[in-house]
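In case you want the letters, here they are:
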Amino acid sequence: MKFEQILVSKKAYESDDKYDLIQGIIDFVNHIRSQGIEPDQVNVDAVNSYFVDYYSTEFCNGAFSQFIHNSGATDFILDCVEEGLQKMSATKNLAFFQKCRQLVTDLSENELSEFQASEYFGENKTRDKIDVYKWEFFDIKKEECIEDLHYEWLKNNKSVVALGSEDFISEMNKIKVS
């Protein structure tokens, strides 16, 4: 069974805090994942939203290298971020992400796997190589805020369904692996 609708609470959808809607999507995806449902069975926009937020949060906490280190840097995750940024019309952020992704692509397989298995903190030449552009992210963020574009994209997304508390809980409880 494929989940075409993206369920969020009406409270999150109508909140004055834009991040509440993004968090609502994250909670939806986390709930689905906790039920053992694979990402390919979930609306692609929900999955893209989830990974764009993950990327943005990880970057703010430790730059691109932290995102790569903690995410596993699978093509699936990187493609979801790229597609999500594209759908959000985050053109400057997309170009920046692609430039950083190319740095990872340019690493040898051995270099990348050693980086992911290594201790992130302390001396780490691969981390430093991946983070060569890290300050650009914050300059771009001033010009093109991912969170604002993310929110607007979700708010206008026809797949997002806002439900009252009881209906939301009832529908979420129905989600199981079929």
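Refer to the structure presented above.
The sections below set out a description of the structure shown in this document. All residue numbers here refer to positions counted from 1 along the written sequence of the relevant chain. The predicted nature of this model means local features are confined to residues of pLDDT at least 70 and side-chain atom pairs, given and counted, to a pLDDT of 80 or more, with totals for whole chains, interfaces and linings taken over all residues. Based on all heavy atoms of the structure, the side-chain values leave hydrogens and waters out of the count.

### Regarding unusual backbone geometry
Positive phi values are uncommon outside glycine, yet Ala63 reaches one of about 80°. Helix and strand assignments follow DSSP, with helices taken as H or I runs no shorter than four residues and strands as E runs no shorter than two, numbered in order from the N terminus. If you trace the backbone, Ala63 turns up in helix H3 (residues 44–71). Burial classification: accessible surface area is computed with a 1.4 Å probe over protein chains only, and a residue below 20% of its type maximum counts as buried, one above 50% as exposed, and the rest as partly exposed. A relative accessible area of 5% places Ala63 in the buried class. Here the phi dihedral of Ala73 falls at roughly 55°; this positive angle occurs in a residue that is not glycine. One can find Ala73 in the loop between H3 and helix H4 (75–87). Given a relative accessible area of 11%, Ala73 falls into the buried group.

### Some points on the environment of Glu83
Of note, Glu83 is situated in helix H4. Between the alpha carbons of Glu83 and Ser49 there is a distance of 9.4 Å; along the sequence they are 34 residues apart.

### Comments concerning the nonpolar core
In this description, a nonpolar core means a group of buried Ala, Val, Leu, Ile, Met, Phe, Trp, Tyr and Cys residues linked to one another through side-chain atoms lying within 4.5 Å. The biggest cluster of nonpolar side chains holds 53 residues, and the ones touching the most others in it are Phe28, Tyr55, Phe64, Phe67, Ile68 and Leu85. Of all the elements, H3 adds the most residues to this core, at 11 residues. By definition in these notes, contact holds between two residues if any of their heavy atoms fall within 4.5 Å. Residue contacts for Phe28: discarding those within four places in its chain leaves Gln5, Ile6, Leu7, Val42, Ala46, Met172 and Ile175.

### Concerning the pairing of strand E1 (residues 6–9)
Taking every second residue as pointing to the same face, both faces of E1 are buried, with Ile6 and Val8 on one and Leu7 and Ser9 on the other. Of the strand pairs in this sheet, E1 and strand E2 (residues 160–163) are connected by 4 bridges, and their pairing is parallel. Each residue of the ladder has a partner; that of Leu7, found in E2, is Val161. Any two strands with at least two DSSP-identified bridges between them are counted as paired.

### Regarding helix H2 (residues 18–34)
Here the expected span of a helix is defined as 1.5 Å times the quantity of residues minus one. Over its 17 residues, H2 extends 25 Å from the first C-alpha to the last, a length consistent with the 24 Å expected when each residue adds 1.5 Å. Listed as buried for H2 are Leu21, Ile22, Gly24, Ile25, Ile26, Phe28, Val29, His31 and Ile32. Polar contacts here mean pairs of N or O atoms no more than 3.5 Å apart (in protein, one a potential hydrogen donor and the other a potential acceptor; neighbouring residues in sequence count only if both atoms are side-chain atoms). Between the side-chain oxygen of the N-cap and the backbone nitrogen of Tyr19 there are 3.0 Å, and the N-cap of H2 in question is Asp17. In the segment just after H2, Gly36 is the residue with positive phi, at about 80°.

### A word on the state of the cysteines
Cysteine sulfurs are considered disulfide-paired once they come within 2.5 Å of each other. What the rule picks out here adds up to 0 disulfides. Not part of a disulfide, Cys60 finds its nearest cysteine sulfur in Cys145, a span of 9.2 Å.

### Some points on the side chain of Asn93
With respect to the secondary-structure elements, Asn93 resides in helix H5 (residues 91–105). Here Asn93 falls in the buried class, since its relative accessible area comes to 1%. Ignoring sequence-local partners within four residues, the contact set of Asn93 consists of Leu85, Phe137, Ile140, Glu144 and Ile146.

That's the geometry; what it means functionally is another story.
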